[in-house]
Amino acid sequence: MKKIITLIILTVSISMGNSFAQKSAIGVRGGAANGLTFKTYKGSQSAFEFLLSTRWRGFNFTALAERYTSPFDEKQLRFYYGAGGHIGRWNDNYNPFYEKNGGYTLLGVDGIVGIEYDFEAIPFNLSLDWKPSFNLTPSSSFWYDEFGLSFRFTF
């Protein structure tokens, strides 16, 4: 577990180090799983997002690569989609999808699709997204209920 946490910290540190010249945002995400969100933008069409969330008395770390598009003339309103992966540690006594005695470590892949609005007058953005995930270990399961609303401070 220490190796996993070290890898997570290293990944976030490298992404943050490469993004100082770019826009970044940090905030909270609410939904079926609540937690923290950190997003670093690579130009106007892509970003990396890192989520640390809790659910069923466990935690989940998700890393996503996202692509942005602006179908309207409104530059503050953007749609995004992307993919990534997650790793988590869960207590099965509170997870209705998994039947095993004791806790377990979870690995899987994630998708994301959403809409984001950047406020011009204040340094905040707001996003609404759907983040389905497919767990690969310890058993295969599809989590379809991860809708989220995020409020972030931009810098």
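Further up the page is the structure itself.
Residues numbered from 1 in each chain as written. Predicted model: local features only at pLDDT ≥ 70, side-chain atom pairs only at ≥ 80, totals over all residues. Heavy atoms only, no water.

S.K.: Just give me the short version of the packing of aromatic side chains, but keep the residues and values in it.
M.R.: One pass over the structure, following the stated rule, counts 9 aromatic pairs. Ring plane angle 20 degrees and centroid distance 6.4 Å describe the contact between Phe38 and Phe50, whose orientation is recorded as stacked. Within this pair, whereas Phe38 is found in strand S2 (residues 34-41), its partner Phe50 is found in strand S3 (residues 46-55), the two being separated by 12 residues in sequence. Summarising the burial analysis for this pair, Phe38 and Phe50 share the class buried. Centroid distance Phe124 to Phe153: 5.8 Å. Interplanar angle 70 degrees. Geometry classified as edge-to-face. Here Phe124, found in strand S7 (residues 124-130), pairs with Phe153, found in strand S10 (residues 147-154); they are 29 residues apart in sequence, far enough to count as distant. (Phe/Tyr/Trp six-rings, centres within 6.5 Å; stacked < 30°, edge-to-face > 60°. Helix = DSSP H or I, 4+ residues; strand = E, 2+ residues; numbered from the N terminus. Buried < 20%, exposed > 50% of the residue type's maximum accessible area, 1.4 Å probe, protein only.)

S.K.: Please give an account of the pairing of strand S5 (residues 77-91) that cites residues and values.
M.R.: Here strand S4 (residues 58-69) pairs with S5 via 11 bridges, running antiparallel. From the neighbouring strand, Leu64 faces S5, where its bridge partner is Gly84. Where S5 meets strand S6 (residues 103-118), 15 bridges bridge the pair, whose relative direction is antiparallel. Bridge assignment links Arg78 to a residue of S6, and that residue is Glu116. (Pairing = 2+ DSSP bridges.)

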